[in-house]
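# A closer look at the structure
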Amino acid sequence: MSFHKQPKDDTQHQNHLDGAVKILGSDLQEEADRSGIDNHFQRWIEDLKDVNNPELHQIVVDLQDLKAHFNGGGIDKDLVGKLLARLGTNTTKSAVFAENPNTAERVTKLGDALTAAAKQMSGAQSAE
């Protein structure tokens, strides 16, 4: 018996996007301390790889770096802020590749949430 990976539908992708926005809207340090954040990153990475669009490669690389960093324990706010800022910019730009308007809207919201999280990291760092 062979197992074939079933492609995800737009609803599953949209649920992953909504989950990512929710995480980014919370305290990232607290999220980093919780188990399961790496699962969110992994689902996001897999969703992007499933699209098989070379234009999204940098987002995948940055997400993998971010996932590895969060798994490492303490957060280097400068590094995370830079990754989040670049992810925000690139994610917002990538919304044009979404075929479903609802997915495109969620991708744009995710880009905004990434940019806001980058600013949160910058603000947190300058307050220290």
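As the structure is a prediction and not an experimental result, all values here were calculated from the model.

Across soluble globular proteins, you tend to see nonpolar side chains buried next to one another. Judged by nonpolar contacts, the single largest core of 28 residues is most densely connected at Trp44, Leu63, Leu66 and Leu84. Listing elements by their share of this core, those giving two or more residues are α1 (10–24), α3 (37–51), α4 (57–71), α5 (77–94) and α6 (101–127). In terms of residue count, the dominant contributor to this core is α6 (seven residues). Ignoring any residue separated from it by four or fewer positions in sequence, one finds Leu66 in contact with Phe41, Val80, Leu83, Leu84 and Leu87.

The subject of this paragraph is unusual backbone geometry. For Asn52, which is not glycine, the phi torsion reads 55 degrees and is therefore positive. Here Asn52 is to be found in the loop between α3 and α4.

Turning next to the confidence of the model for the protein chain. Model confidence for the protein chain is summarised by a mean pLDDT of 81, while 80% of its residues fall at 70 or above. The secondary-structure element of the protein chain with the lowest mean pLDDT is helix α2 (residues 28–33), recorded at 66, while α5 shows the highest, at 92.

Under the definition given, this model contains four salt bridges. As a salt-bridge pair, Asp18 and Arg106 come within 2.9 Å of each other at their nearest N and O atoms. Taken together, the residues span a long stretch of sequence, with Asp18 in helix α1 and Arg106 in helix α6 at a distance of 88 residues.

Between its first and last C-alpha atoms α3 spans 22 Å; for 15 residues at 1.5 Å apiece the expected length is 21 Å, and the two agree. Every buried residue belonging to α3 is among Ile37, Phe41, Trp44, Ile45, Asp47 and Leu48, and all of these are buried. Buried positions in α3, seen along its axis, are confined to an arc of 160 degrees and lie on one side of it.

Empty pockets left among the atoms are what a rolling probe the size of a water molecule brings to light. Applying the stated criterion across every chain, the model contains one cavity of 30 Å³ or more. In terms of lining residues, the largest cavity is bounded by 11 residues, among which Ala20, Ile23, Leu24, Phe41 and Trp44 are the most central. For the lining of the largest cavity, the elements supplying multiple residues, two or more each, are α1, α3 and α4. It is α3 that contributes the most residues to the lining of the largest cavity, four residues altogether. For the lining of the largest cavity, the class distribution of residues is 10 nonpolar, one polar and no charged.

Running from N to C, α4 and α5 cross one another at 150 degrees; their axes reach a closest spacing of 10 Å. When the axes of α4 and α5 are compared, the pair comes out roughly antiparallel. At the point where α4 passes α5, the crossing takes the left-handed sense. Between α4 and α5, the contacting residues are Gln58, Ile59, Asp62, Leu63, Asp65, Leu66, His69 and Phe70 on the first element and Leu79, Val80, Leu83, Leu84, Arg86, Leu87, Asn90, Thr91 and Ser94 on the second. Grouping the amino acids of the contact of α4 with α5 by side-chain chemistry returns nine nonpolar, five polar and three charged.

The rules behind each value
Residues numbered from 1 in each chain as written. Predicted model: local features only at pLDDT ≥ 70, side-chain atom pairs only at ≥ 80, totals over all residues. Heavy atoms only, no water. Core = buried A, V, L, I, M, F, W, Y, C linked by side-chain atoms within 4.5 Å. Buried < 20%, exposed > 50% of the residue type's maximum accessible area, 1.4 Å probe, protein only. Helix = DSSP H or I, 4+ residues; strand = E, 2+ residues; numbered from the N terminus. Contact = heavy atoms within 4.5 Å. pLDDT = per-residue confidence, 0-100. Salt bridge = Lys/Arg side-chain N within 4 Å of Asp/Glu carboxyl O. Expected span 1.5 Å × (residues − 1). Arc of directions from axis to C-beta. 1 Å grid on protein atoms, 1.4 Å probe; cavity = no way out; pocket = protein on both sides within 12 Å on 5 of 7 lines; lining within 4 Å. Points joined across faces, edges and corners; volume = space filled by probe spheres on them. Nonpolar A, V, L, I, M, F, W, Y, C, P; charged D, E, K, R; others polar. Axes fitted to C-alpha atoms, helices over the stretch in contact; angles between N-to-C directions. Parallel < 35°, antiparallel > 145°, perpendicular 65-115°, else oblique. Left-handed = near helix turned anticlockwise from the far one by under 90°.

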